[in-house]
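Examination of the molecular architecture
So you can see what is in the structure, the chains are spelled out below.
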Amino acid sequence: MRTSTSEPLQARRAGEQRELTYPKSSYPLPLDDFLRQRTLRGSAVIEIEEHTLQLSHLDRAMYPNDRITKGQLVRYYSDISEYLLQYLLDRPLMFWRYPEGIGKEKPIARTLGVREVPYFVNTVPLKTDNGGLIEYAIANDLAPLLYLVDLGAIELFPWHSRNTTLDRPDWIVLELCPTRGNFRMVRQAALAVRRILE
């Protein structure tokens, strides 16, 4: 686990936070209709699973060198959500936020970093070793996942345990990072780990 937490507190339930309101001129567009658009630009208010979500700066270059926009990331995460969400289910999330796109400073965001969180984004407050509290997001459904993408959270790091069993991780990740671009050593290490685990 990449976090220094010790004592779980009760997770907030949907509905305890007030629903954010949007201008009367903004009409929610069903997600499928929104994604049918050839290019996703500007801002939009969309409806996902009976939730209303405001998306902004959809034409912002999140990967400037590859010309990938936030709108394209929203489409990508929507497309892979069927596969991704099963790995995020009930897991507190840490994430890198890139509000202005890749290449800018990237402080790790344990908390959402916004004053108001939509009611459909569940969070779990956890005590740190020094007695403080960190509020972690949980993305069990597409609406909270796309909310995080809209915040610029591109890299997601789910805990290895679920919010109801924080002291019992149910998977392990072995991260093999090459030094000085020597990927041959990474391949050798991966094969060695495979032999040991088999």
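Residues numbered from 1 in each chain as written. Predicted model: local features only at pLDDT ≥ 70, side-chain atom pairs only at ≥ 80, totals over all residues. Heavy atoms only, no water.

Where nonpolar side chains cluster on the molecular surface, the patch consists of Ile172, Leu174, Ile196 and Leu197 and spans about 510 Å² of accessible area. Here Ile172 is to be found in the loop between β11 (153-158) and α4 (183-197). (Patch = residues over 30% accessible without salt bridge, like charges linked within 9 Å, V, L, I, M, F, W, Y side chains within 5 Å. Areas by Shrake-Rupley, 256 points an atom, 1.4 Å probe, with all protein chains shown as cover. Salt bridge = Lys/Arg side-chain N within 4 Å of Asp/Glu carboxyl O. Helix = DSSP H or I, 4+ residues; strand = E, 2+ residues; numbered from the N terminus.)

So, on to unusual backbone geometry. Phi is positive for His57, close to 50 degrees, though the residue is something other than glycine. Checked against the element boundaries, His57 lands in the loop between β4 (51-55) and β5 (61-63). Classification of His57 by relative accessible area gives partly exposed; the value is 41%. (Buried < 20%, exposed > 50% of the residue type's maximum accessible area, 1.4 Å probe, protein only.)

Scanning the entire structure with this criterion turns up 6 salt bridges. Across the pair Arg60 and Glu100 runs a salt bridge, and its minimum N-O distance is 3.8 Å. Of this pair, Arg60 sits in the loop between β4 and β5 while Glu100 sits in the loop between β7 (93-97) and β8 (108-109), and the two are 40 residues apart along the sequence. Given the relative accessible area of 47%, Glu100 is considered partly exposed. Note that Arg162 and Asp170 form a salt bridge whose closest N and O atoms lie 3.4 Å from each other. Asp170 sits in the partly exposed class, given a relative accessible area of 43%. Beyond isolated ion pairs, a larger network of salt bridges with shared partners links Arg91, Arg162 and Asp170.

In this section: the side chain of Thr69. Note on placement: Thr69 falls in strand β6 (residues 68-69). Excluding its chain neighbours within four sequence positions, the residues that come into contact with Thr69 are Leu58, Asp59, Arg60, Ala61 and Met62. (Contact = heavy atoms within 4.5 Å.)

The next subject is the packing of helix α2 (residues 70-88) against helix α3 (residues 142-150). In helix packing, the relevant descriptors are the interaxial angle and the interaxial distance, both defined with respect to the helix axes. It is the contact of α2 with α3, at a shortest axis distance of 9 Å, that shows an interaxial angle of 135 degrees. By the angle between their axes, α2 is oblique relative to α3. The two elements α2 and α3 meet at a crossing, and its hand is right-handed. Residues Lys70, Leu73, Val74, Tyr77, Ser78, Ser81, Leu84, Leu85 and Leu88 of α2 touch α3, and the partners they reach there are Leu142, Leu145, Leu146, Val149 and Asp150. Of the residues belonging to the contact of α2 with α3, the class tally is 10 nonpolar, 2 polar and 2 charged. (Axes fitted to C-alpha atoms, helices over the stretch in contact; angles between N-to-C directions. Parallel < 35°, antiparallel > 145°, perpendicular 65-115°, else oblique. Left-handed = near helix turned anticlockwise from the far one by under 90°. Nonpolar A, V, L, I, M, F, W, Y, C, P; charged D, E, K, R; others polar.)

Take the sheet that holds β4 next. Reading across from one edge, β2-β3-β4 is the order of the 3 strands in this open sheet, with mixed pairing throughout. Of all strands in the sheet, those with a lone pairing partner are β2 (29-30) and β4, marking the two edges. Across 5 bridges, strand β3 (residues 44-48) lies against β4 in antiparallel orientation. In the sheet register, Ala44 faces β4, and the bridge partner there is Leu55. The strands that α3 touches are β3 and β4; relative to β4, the one it contacts most, it runs at about 15 degrees. (Pairing = 2+ DSSP bridges.)

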